[in-house]
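Summary of structural features
Spelled out from the first residue to the last, the chains are:
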Amino acid sequence: YSFDHLKTEKSGKVGVRQCTRVDLPQTCVRDWEEGIVYGSAQNFSRHLMEMPANHMTPHLFTEAVRQEFEMYGSDKFSMVVRDSDWIREQGMGAFWAVAKGSNEPPLLLELRWNGGEDGSAPVCLVGKGVTFDSGGISIKPSKGMDAMRADMGGAACVAGAVLGAARLNLPLNLVAVIPLCENMPSGTATKPGDVVTAKNGITIQIDNTDAEGRLILADALTYADTFQPAHCIDVATLTGAMSVALGGEAVGTFSNSSQLWYTLKNAGFTTGDRVWRMPLFKEYGDMLKSATADVNNISAAPSAGSITAAKFLQRFTACSSWAHLDIAGVMDCTEGISYLPKGMSGRPTRTLIETLRSLSQ
């Protein structure tokens, strides 16, 4: 894989110098073909993440997903794009609070794979889709801000995982909920201290507009509950604190279900794209108290930033088998992983596909 989509001179794919035909058992051929599906799905996620923000707006993200699924289409797959009017009608005040500072309209992308029995509870995947994160009024430093084109890494990995599930024809029902927007400063942007109401009625004091991912996920998780999922997994480049805690070696994982956690852990062991469980103790949630609203979007204390973010999200899901994957530390690859060149990683797409595969059995 190499990203040369916007270059006039293409680098080209790595060629095969020599090919020797070997008669292999059918199981080996099947494993090879499935491996191609896993790798192709991750490369699709990487492509979405690597594209500059002006080439990957919320609208262009939905079109890229549509085109990819048309190539590997199936009558079991469907796609719906919800516009900003629908978002506001749904009472998604937290999502709208992030999106309203940008001229790019927000969208909510809904993907469905109906490979299971009719009426069986689906697995829900929710992916953070901030296609560019300036930080809003709480603006980020300029150095390295271009990397925030990949702040939709959760959305990209979820889209890649659904693609993989479809190509493997997994026997399960799957719903992906992907809120897409930009986080920009402007005269219409949310200001620190503003209070908004989320879809589930909880009021949120927004003291830091750069803690925006949890806001759009809050409404997306509440919407995911309407599908009454058997399991719900959200994926997000959520906190820099996770990068400090785990670096790029594992995905920080929070879950209210040990069974779901072990499924994710085993999937990570199989794919080599590891996950690591983090705590969800009640005391961390107490750090999000607000004097003017039900909850603050940031902690009053400077510590445990990834955990308090996860506790914030937990308030917005009723699913008894929920997991939150903070992928900020594995968003890009600089060194240490021999099979991934420098750039956006598309992790943990393969672990998500393997998890779905396990849940379908």
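Here the structure is shown first, and the text comes after it.
The following paragraphs examine the structure supplied in this document. Note that the coordinates shown come from a computational prediction; the quantities given were computed from them, not determined experimentally.

**Quick word on the overall build of the protein**
Assigned secondary structure in the protein consists of 11 helices and 14 strands. The C-alpha atoms of the protein give 20 Å as radius of gyration, which agrees with the globular expectation for 361 residues (21 Å, within 12%). If you line up the protein on its principal axes, its C-alpha atoms span 70 × 50 × 40 Å. A total of 361 residues make up the protein; the buried ones form 55% of that total.

**Section: the sheet that holds strand β11 (residues 295-296)**
Taken together, three strands build an open sheet; the order of strands is β6-β7-β11 and the sheet is mixed. Looking at which strands have only one partner, the edges of the open sheet turn out to be β6 (194-197) and β11. Here β6 pairs with strand β7 (residues 203-206) via four bridges, running antiparallel. Across the sheet, the residue bridging to aspartate 194 is isoleucine 206, located in β7.

**Concerning helix α8 (residues 258-271)**
The first and last C-alpha atoms of α8 sit 20 Å apart over 14 residues, in line with the 20 Å expected at 1.5 Å per residue. Along α8, the residues that are buried comprise Leu260, Trp261, Thr263, Leu264, Ala267, Gly268 and Thr271. Angularly, the buried residues of α8 cover 160 degrees about the axis, an arc narrow enough to put them on a single face. For α8, the exposed residues set more than 90 degrees away from the buried face come down to Gln259, Phe269 and Thr270. At its buried positions, α8 is contacted by β8 (231-236), β9 (251-255), β10 (275-277), β12 (322-326) and α11 (349-359). Backbone geometry just downstream of α8 places glycine 272 in the positive-phi region, at approximately 85 degrees.

**Quick word on the packing of aromatic side chains**
Counted by the stated rule, this structure contains five aromatic pairs. Seen in terms of ring centroids, tyrosine 223 and phenylalanine 227 are 5.3 Å apart; in terms of plane orientation they differ by 80 degrees. Their pairing is edge-to-face. Taking 5.1 Å as the distance between ring centres and 40 degrees as the angle between the ring planes, the aromatic pair formed by phenylalanine 312 and phenylalanine 316 counts as tilted. Note on phenylalanine 312: relative accessible area 0%, which makes it buried. Using a relative accessible area of 1% as the deciding quantity, one classes phenylalanine 316 as buried. The rings of Trp86, Tyr223 and Phe227 are connected pair by pair, giving a single aromatic cluster.

**Comments concerning the environment of arginine 167**
Of note, arginine 167 is situated in helix α5 (residues 153-167). Assessed through its relative accessible area of 28%, arginine 167 is described here as partly exposed. Remark: the alpha-carbon pair of arginine 167 and glutamate 68, spanning 99 residues in sequence, is separated by 11 Å. Beyond its immediate chain neighbours, meaning those up to four positions away, arginine 167 contacts Val37, Ser40 and Tyr72.

What counts as what
- Residues numbered from 1 in each chain as written.
- Predicted model: local features only at pLDDT ≥ 70, side-chain atom pairs only at ≥ 80, totals over all residues.
- Heavy atoms only, no water.
- Helix = DSSP H or I, 4+ residues; strand = E, 2+ residues; numbered from the N terminus.
- Rg over C-alpha atoms; globule rule 2.2 N^0.38 Å.
- Buried < 20%, exposed > 50% of the residue type's maximum accessible area, 1.4 Å probe, protein only.
- Pairing = 2+ DSSP bridges.
- Expected span 1.5 Å × (residues − 1).
- Arc of directions from axis to C-beta.
- Contact = heavy atoms within 4.5 Å.
- Phe/Tyr/Trp six-rings, centres within 6.5 Å; stacked < 30°, edge-to-face > 60°.

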